[in-house]
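What follows is the residue order along each chain.
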Amino acid sequence: AIKKRAFTMLFIGTALVLIFSDPMVDAMSEVAVRTGIPAFYVAFILAPLASNASEVIASQYYAAKKTRKTITVALTALEGAASMNNTFCLSIFMALIYFRGLAWQYSAETISIVAVQFIMGMWAQRDKMSTYQAYHVLALFPLSILAVAIMEHLGMD
C-alpha cells in the first residue's frame, strides 16, 4: 500500500513539474526581457526560491520555535536541499552538454556555484553557528551573483 502511494505521489509530482516548468521558464524569460536584466541573473534569483519554497517554509516553521534543535533541523534541511539541488542540476546540465556535444559557456556560473557549495560545506561542519556567521552565509548569495558578473566582465564564459 505504501509503495503504491509513493509511486502515485511521484507520478503526480512528475506530472506537475512537466506541466508547470515550461510556463515558469517563459515567465522568468519575460521578467528578464521586461526588466532588461540578463535571463541568467533573473533565473539565478527566482528559480531557487520557486523550487525550494517548501523547504524555506518548513525551515521558517522550525526556526520560529527558537530552540537549538529546531534551528539545527531548519539549517540542516536548507543546507541539504541546496547541496542536493546544486549537485543534481549541475550533473544533469554537464551530462547534457557532454552527450549532446554542446559548447561550454558556463564556467563563471559553475565556479560560483561550486565555490559556494564548498564554503557552505566547510561552515556546516562546525558545531555551533552564531548570528554573525549567519550574516556571512546570507552574503554568499549576492556575492555569488557578483562573482559571476565580475568573471563574465573579465571575459570568462
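Note that the structure is a prediction, hence the values are computed from the model and not measured.

Caption draft 1: Spotlight on the overall build of the protein chain. Looking only at helices and strands, one finds 6 helices and 0 strands in the protein chain. Dimensions of the protein chain, computed from the C-alpha atoms along their principal axes, are close to 45 × 45 × 35 Å. Counting every position in the protein chain, which comprises 157 residues, the buried fraction comes to 17%. The contacts in the protein chain between residues at least 6 apart in sequence include a share of 54% that link residues at least 24 apart. Taking the average place of the 11 positive charges on the side chains of the protein chain and the average place of its 9 negative ones, the gap between the two points comes to 19 Å.

Caption draft 2: Geometry of the packing of aromatic side chains. All chains considered together, the criterion is met by 8 aromatic pairs. Their ring planes at 70° and their centres at 4.8 Å tell us that Phe93 and Tyr106 sit as a pair that is edge-to-face. Taken together, the residues Phe93 in helix α4 (residues 68-100) and Tyr106 in the loop between α4 and α5 (107-124) connect sequence positions 13 residues apart. Using a relative accessible area of 29% as the deciding quantity, one classes Phe93 as partly exposed.

Caption draft 3: Representation of the side chain of Ser107 within the structure. For Ser107, the position within the fold is in helix α5. Within polar-contact distance, the side chain of Ser107 engages the side chain of Trp104 at 2.9 Å. In this structure, Ser107 is in contact with Met156 and Asp157, ignoring residues within four places of it in sequence.

Caption draft 4: Layout of the packing of α4 against α5. Where α4 contacts α5, the axes come no closer than 11 Å and their chain directions differ by 150°. The angle between α4 and α5 falls in the class roughly antiparallel. Considering how the two elements wind past one another, α4 and α5 form a crossing that is left-handed. Across the interface between the two elements, Glu79, Ser83, Asn86, Thr87, Leu90 and Met94 of α4 pack against Thr110, Ile113, Val114, Gln117, Met120 and Ala124 of α5. Partitioning the contact of α4 with α5 into residue classes produces 6 nonpolar, 5 polar and 1 charged.

Caption draft 5: Representation of the nonpolar core within the structure. Tyr41, Phe44, Leu90, Ala108, Ile113, Ile145, Val148 and Met151 together form the largest nonpolar core, which totals 8 residues. Only α2 (39-51), α5 and α6 (131-153) provide two or more residues apiece to this core. Sort the elements by how many residues they give to this core and α6 lands first, with 3 residues. What Val148 contacts, discounting residues up to four positions off in sequence, is Phe40, Tyr41, Ala108, Glu109 and Ser112.

Caption draft 6: Representation of α4 in the model. Counted at 1.5 Å a residue, the expected span for α4 with its 33 residues is 48 Å, and the 47 Å between its end C-alpha atoms agrees. Of the surrounding elements, those touching the buried residues of α4 are α3 (53-64) and α5. Once α4 ends, the next one or two residues include Gly101, with phi positive near 65°.

What counts and what doesn't
- Position numbers for residues count from 1 along each chain, tracking the sequence in the order it is written.
- Totals for whole chains, interfaces and linings use all residues, but because this is a predicted model, local features are given only for residues with pLDDT of at least 70 and pairs of side-chain atoms are given and counted only at 80 or more.
- In computing side-chain properties, one takes all heavy atoms of the structure into account and sets aside hydrogens as well as water.
- The helix count covers DSSP runs of H or I at least four residues long, the strand count covers runs of E at least two residues long, and both are numbered beginning at the N terminus.
- Throughout, exposure labels follow a simple rule: accessible area from a 1.4 Å probe, protein chains only, divided by the maximum for the residue type, with under 20% read as buried, over 50% as exposed, and the rest as partly exposed.
- It only takes one pair of heavy atoms within 4.5 Å for two residues to be counted as in contact.
- Charged residues are defined here as Lys and Arg on the positive side and Asp and Glu on the negative side; His and the ends of the chain fall outside this count.
- Where a charge lies is defined by one atom per residue type: Lys uses NZ, Arg uses CZ, Asp uses CG and Glu uses CD.
- Here a pair means two rings of Phe, Tyr or Trp (six-membered ring of Trp) with centres within 6.5 Å. Their orientation is stacked below 30 degrees between planes, edge-to-face above 60, and tilted elsewhere.
- Whenever a nitrogen or oxygen atom comes within 3.5 Å of another N or O atom, the pair is scored as a polar contact, on the condition that within protein one atom can donate a hydrogen and the other can accept it, and that pairs from neighbouring residues in sequence are kept only if both atoms are in side chains.
- Every axis in this analysis is a line fitted to C-alpha atoms, fitted for helices over the stretch in contact. Angles between the N-to-C directions lie between 0 and 180 degrees.
- Angles are sorted into four bins: roughly parallel if under 35 degrees, roughly antiparallel if over 145, roughly perpendicular if 65 to 115, and oblique for all others.
- In this scheme the crossing of two helices becomes right-handed for a clockwise turn of the near helix relative to the far one and left-handed for an anticlockwise turn of less than a right angle.
- Here the term charged refers only to Asp, Glu, Lys and Arg, the term nonpolar to Ala, Val, Leu, Ile, Met, Phe, Trp, Tyr, Cys and Pro, and the term polar to all other amino acids, Gly among them.
- Definition of nonpolar core: a set of buried residues of the types Ala, Val, Leu, Ile, Met, Phe, Trp, Tyr and Cys, connected through side-chain atoms within 4.5 Å.
- Helices are assigned an expected span. That span is 1.5 Å times one less than the residue count.

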